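In case you want the letters, here they are:
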Amino acid sequence: MEVNLVQEFLKSVALFKELNAEEINLLAENFEEKTFDTSELLFSENNPRRNLYVIFDGEVELFKRTSFGDEKRLAFFSKYDFLGEGSLLDDSPHSTSARALLRTTALFISREKFTALIEKHGAIALKIFSHVARVISRRMRQANTRVINVAHQYLSGRTRSEHDLLGDREVPHEYLYGIQTLRALENFNISGVPLNFYPVIIEALAIVKMAAAKANFELGLLSKPVSDAIIQACNEILNGKHHSFFVVDMVQGGAGTSTNMNANEVIANRALEILEYEKGEYKYCHPNNHVNLSQSTNDAYPTAVKLAIINANEKLVEVLQLLIKSLHKKAEEFSHILKMGRTQLQDAVPMTLGQEFEAYAVTFEEEIQRLKQNADLFLEVNMGATAIGTGINADPDYGEKCIKYMREISGHDLKLAQNLVEATQDTGAFVMYSSAIKRLAVKLSKMSNDLRLLSSGPRTGINEINLPPMQPGSSIMPGKVNPVIPEVVNQIAFKVIGNDLTVTLAAEAGQLQLNVMEPVIVQSIFESIEMLKNGMMTLTYKCIDGITANEERCRQLVEGSIGLVTALNPVLGYEVSTSLAQEALKTNRGVYELVLEKKLLSKVELDNLLAPENMIKPRKMKQ
């Protein structure tokens, strides 16, 4: 790339805007050019920072891998954006990875070249470093408030004036949202959890708005340029862009109107950019008149939420299946280990440790079907109902056409409710699904209780299994290790159970033709899903996978248990077995030991009776 072209380009990069022409020229001489193919990494986390990159053409995704191997998108960068500026300060490892989404050309300067440059021209360093500090400060502010797309590297200070029924307000020029979202931000600083915490909701809103635009175009209600722009904006949202502009609090008054308008404004303003108009020039694409055409919050919002729950449930089931697989693996690993079963925390009869873990796997397999059945209730939606179900301000054919497009886009077999008035006010499906995830939480908590009991000790408890040690357990007791993973799963379960009560009360609070409490229903369900997913992933990888058995301890407890006498009852008879149990209790000796001492059975006979294959399943009884 020619030096003069590089110079002109760098003048438009925010990081270098304070440099004079001579300084830009000096800087440009040290930049190199590199082209990255689609999906090629610019840098990866945990590797040293080496270069500052400025995107000349193309698009780059910033992402981070979780401890479980998943990827979390953080931001998108395009022309004039820069990343890796921390390399100018030190060579500490990257905390994130950057990947080209398209064939991308970037200019870069290495830390070594930059250091050599500023040794001769210190003024350049002062200007750039001061700007880097401001950028880092802004990014921290963005991370805290989730207000502005991270791809925008600076706030220009420009504003645009927008108007609603309450008056005029100045909206920062960079923001894709508008005046109604701005008011919602001010009114509902409630939970601190914005919509963009749950991308699945944002994506579902985009599907609803895209389907509506397609239906309205087919009905001749939207022009092709406007519908195409809306559809493109929605597609970008489905591809993970613009999510940080979905900023309203999950808990809000207005039955979801703030959420709906946040989506309408972001889509409208992005559509305006696509149409090459300025954001806020709503006469060309209006949040209400175009993006919300033929809709009301009262059909668009619940429809999007239902679609989001269907998609979120699929991920929840995937994580649950990982847990089940881990439990089955442990059941097979422990299938030969004999131990005592217990009822009411008292010795019962022998079983294998494998049977105990197999029971956990089976009980969770039952939950997969329950979750799927209850999620299927959300396939019935009320698009076209508009305000209360009468379909006012919508074409008679709109509902069916919109549902048709939603099916195509989402891949789910959505259907229109038979009675839209009923469907608009009914929240019964939320109650049913919330109950299903509560049931899963209860079972998870019960198993976590068992794991804590079975691993208790190590010297004064049951100590049949060992949980993986995850962290020191006490600030005062050396050597103590606590069952922290089951403990956190217990606490997740308590939260889910509480959320289920919230959903129940909110559903009951509906009045007449609408339930205005849907936002807290939505917040409660999605919080529960998110916590359950994270909790089950943590439980699987940080606990179940690493459990080991204390086989000798299990055997000792069987041989020393009074409950062992139950297995001998068919051979020795009830009276003799009772006498053995009483003597064992009185003398603090084991039944196994007493049977041999009294020569009631030979060691071979006794061991045969107590062999795992004879102890853990029904067998033919002799007369």
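Predicted model only: the values in this text are computed from it and were never measured.

### Section: the packing of helix α15 (residues 484-508) against helix α16 (residues 518-542)
Across the interface, α15 lies against α16 with an axial gap of 9 Å and an inter-helix angle of 165°. When the interaxial angle is binned, α15 and α16 end up roughly antiparallel. Judged by the sense of rotation from one axis to the other, the crossing of α15 with α16 is left-handed. The residues of α16 that touch α15, namely those facing I485, V489, I492, K495, V496, N499, T502, V503, A506 and A507, are V520, I521, S524, I525, E527, S528, M531, L532, G535, T538, L539 and K542. The class makeup of the residues in the contact of α15 with α16 is 13 nonpolar, 6 polar and 3 charged.

### Details of the pairing of strand β7 (residues 97-100)
The two faces of a sheet get side chains in turn, since along a regular strand they alternate between them. Residues S97 and R99 point to one face of β7 and A98 and A100 to the other, with burial holding for every one of them. Inspection of the sheet shows strand β2 (residues 41-43) paired to β7 by 2 bridges, in the antiparallel sense. Along β7, the bridge assignment pairs L41 with R99. In this structure, strand β4 (residues 60-65) lies alongside β7, joined through 4 bridges in antiparallel fashion.

### Structural notes on unusual backbone geometry
That bond from G457 to P458 is cis: its omega, 5°, falls within 30 degrees of zero. Residue placement: P458 occurs in the loop between α14 (428-454) and β15 (465-466). Residue H242 is not a glycine yet carries a positive backbone phi of 70°. The topology assignment puts H242 in the loop between α7 (224-238) and α8 (257-274). Taking relative accessible area as the criterion, H242 reaches 11% and is therefore assigned buried.

### Things to note about the environment of S95
In this structure, S95 sits in the loop between β6 (82-83) and β7. On the accessibility criterion, S95 (44% relative accessible area) is partly exposed. C-alpha of S95 to C-alpha of S296: the two residues are 201 residues apart in sequence and 43 Å apart in space. Residue contacts for S95: discarding those within four places in its chain leaves E45 and K64.

Each value, and the rule that gives it
Residues numbered from 1 in each chain as written. Predicted model: local features only at pLDDT ≥ 70, side-chain atom pairs only at ≥ 80, totals over all residues. Heavy atoms only, no water. Axes fitted to C-alpha atoms, helices over the stretch in contact; angles between N-to-C directions. Helix = DSSP H or I, 4+ residues; strand = E, 2+ residues; numbered from the N terminus. Parallel < 35°, antiparallel > 145°, perpendicular 65-115°, else oblique. Left-handed = near helix turned anticlockwise from the far one by under 90°. Contact = heavy atoms within 4.5 Å. Nonpolar A, V, L, I, M, F, W, Y, C, P; charged D, E, K, R; others polar. Buried < 20%, exposed > 50% of the residue type's maximum accessible area, 1.4 Å probe, protein only. Pairing = 2+ DSSP bridges.

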